[in-house]
Amino acid sequence: MNKIIIEDNFLDKDIFDGIKNTIFDANSIFPWFLQNYKVDKGDGEIQFTHLFFEKHVINSDYFKVLNPLLKKLKVRALQRMKVNNTIKTNKIRLYKYHVDFDTSKNEAIGKTSLFYLHTTNGPTVFKTGKKVDCVANRMVTFPTNIKHTGSTHTDSLLRGVININWF
């Protein structure tokens, strides 16, 4: 796979609403953790995150709520899955371009999928110049070795994105 795949209305509305409400409902006790960087430690950015899975271990009591995503993507092996939550700013600007995991030439290249939980004016931008708008219930999948970045947003209070690294 060497291209960027965009799928709108990725999940049935009821399933999407269930996931979004579990994570973002005002009455929810979903645990968020302050991360004082976005891409690199010391980059001056902040975000709230929740790590569902990493290093072969389920890290969250909420992992099962994301099974519909994993099933529809046909994930064979999961590397990491987390949700990032940023708060609106007064200006749109890009974060630093990055890859989620370095891959060597001898390693099978995995996939990265971004699942948007909100519609905002903060796009995902690829180093190639391609821009993907942040639209609720949209899934974007691409090879893990493609440099990309998120951005700030100005129109919605929150920008929630589930980040899935998989094979």
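Above this text is the structure in question.
Reading the values: rules and limits
- Residues numbered from 1 in each chain as written.
- Predicted model: local features only at pLDDT ≥ 70, side-chain atom pairs only at ≥ 80, totals over all residues.
- Heavy atoms only, no water.
- Helix = DSSP H or I, 4+ residues; strand = E, 2+ residues; numbered from the N terminus.
- Contact = heavy atoms within 4.5 Å.
- Pairing = 2+ DSSP bridges.
- Expected span 1.5 Å × (residues − 1).
- Buried < 20%, exposed > 50% of the residue type's maximum accessible area, 1.4 Å probe, protein only.
- Arc of directions from axis to C-beta.
- 1 Å grid on protein atoms, 1.4 Å probe; cavity = no way out; pocket = protein on both sides within 12 Å on 5 of 7 lines; lining within 4 Å.
- Points joined across faces, edges and corners; volume = space filled by probe spheres on them.
- Nonpolar A, V, L, I, M, F, W, Y, C, P; charged D, E, K, R; others polar.
- Core = buried A, V, L, I, M, F, W, Y, C linked by side-chain atoms within 4.5 Å.

Caption draft 1: Structural context of the environment of Phe126. Within the fold, Phe126 resides in strand β7 (residues 120-126). Between the alpha carbons of Phe126 and Gly18 there is a distance of 30 Å; along the sequence they are 108 residues apart. If we skip the residues at most four places from it in the chain, Phe126 touches Ile4, Tyr97, Val132, Val140, Phe142, Ile146, Lys147 and His148.

Caption draft 2: Representation of the sheet that holds β7 within the structure. Here we have three strands laid out as an open sheet, ordered β8-β7-β10, and antiparallel in their pairing. A single partner strand is all that each edge strand has here, and the edge strands are β8 (131-134) and β10 (148-149). By the bridge criterion, three bridges tie β7 to β8 in an arrangement that is antiparallel. When the bridges of β8 are listed, Val125 appears paired with Lys131.

Caption draft 3: Spotlight on helix α1 (residues 13-24). Under the 1.5 Å per step criterion, the end-to-end length of α1 is 16 Å for twelve residues, consistent within 8% with the ideal 16 Å. Among the residues of α1, those classed as buried are Phe16, Ile19, Ile23 and Phe24. Down the axis, α1 shows its buried residues gathered within 105° of arc, on one side only. Contacts from the buried residues of α1 go to β3 (47-54), α2 (67-73), β5 (78-87), β6 (111-116) and β11 (158-166).

Caption draft 4: Seen up close, the pairing of strand β9 (residues 139-143). Most of β9 sits out of view: five of its five residues are buried. Where strand β1 (residues 5-7) meets β9, three bridges bridge the pair, whose relative direction is antiparallel. Within β9, the position partnered with Ile6 by the bridge is Val140. Pairing analysis gives five bridges linking β6 to β9, with the strands arranged antiparallel. Bridging across to β9, Leu114 finds its partner in Val140.

Caption draft 5: Up close: the layout of surface pockets. Here the largest pocket is characterised by a volume of approximately 530 Å³. Lys38, Arg80, Lys82, His98 and Asp100 are the residues nearest the centre of the largest pocket, which is lined by 28 residues in total. Every element with two or more residues in the lining of the largest pocket is listed here: β3, β5, β6, β10 and β11. For the lining of the largest pocket, the element with the highest residue contribution is β3, accounting for five residues. Partitioning the lining of the largest pocket into residue classes produces eight nonpolar, twelve polar and eight charged.

Caption draft 6: Inspection of the nonpolar core at higher detail. By size, the foremost hydrophobic cluster in this structure holds 23 residues, and its most contacted members are Leu69, Met81, Phe115, Leu117, Ile162 and Ile164. The set of elements that each furnish at least two residues to this core consists of α1, β3, α2, β5 and β11. By residue number, the principal contributor to this core is α1, which donates four residues. When residues no more than four places from it in sequence are discounted, the contact partners of Leu117 are Phe16, Ile19, Lys20, Ile23, Phe24, Val83, Ala136, Gly160 and Ile162. Counting residues in each nonpolar core, the second largest holds ten residues, with Ile4, Leu114, Phe126 and Val132 among its members.

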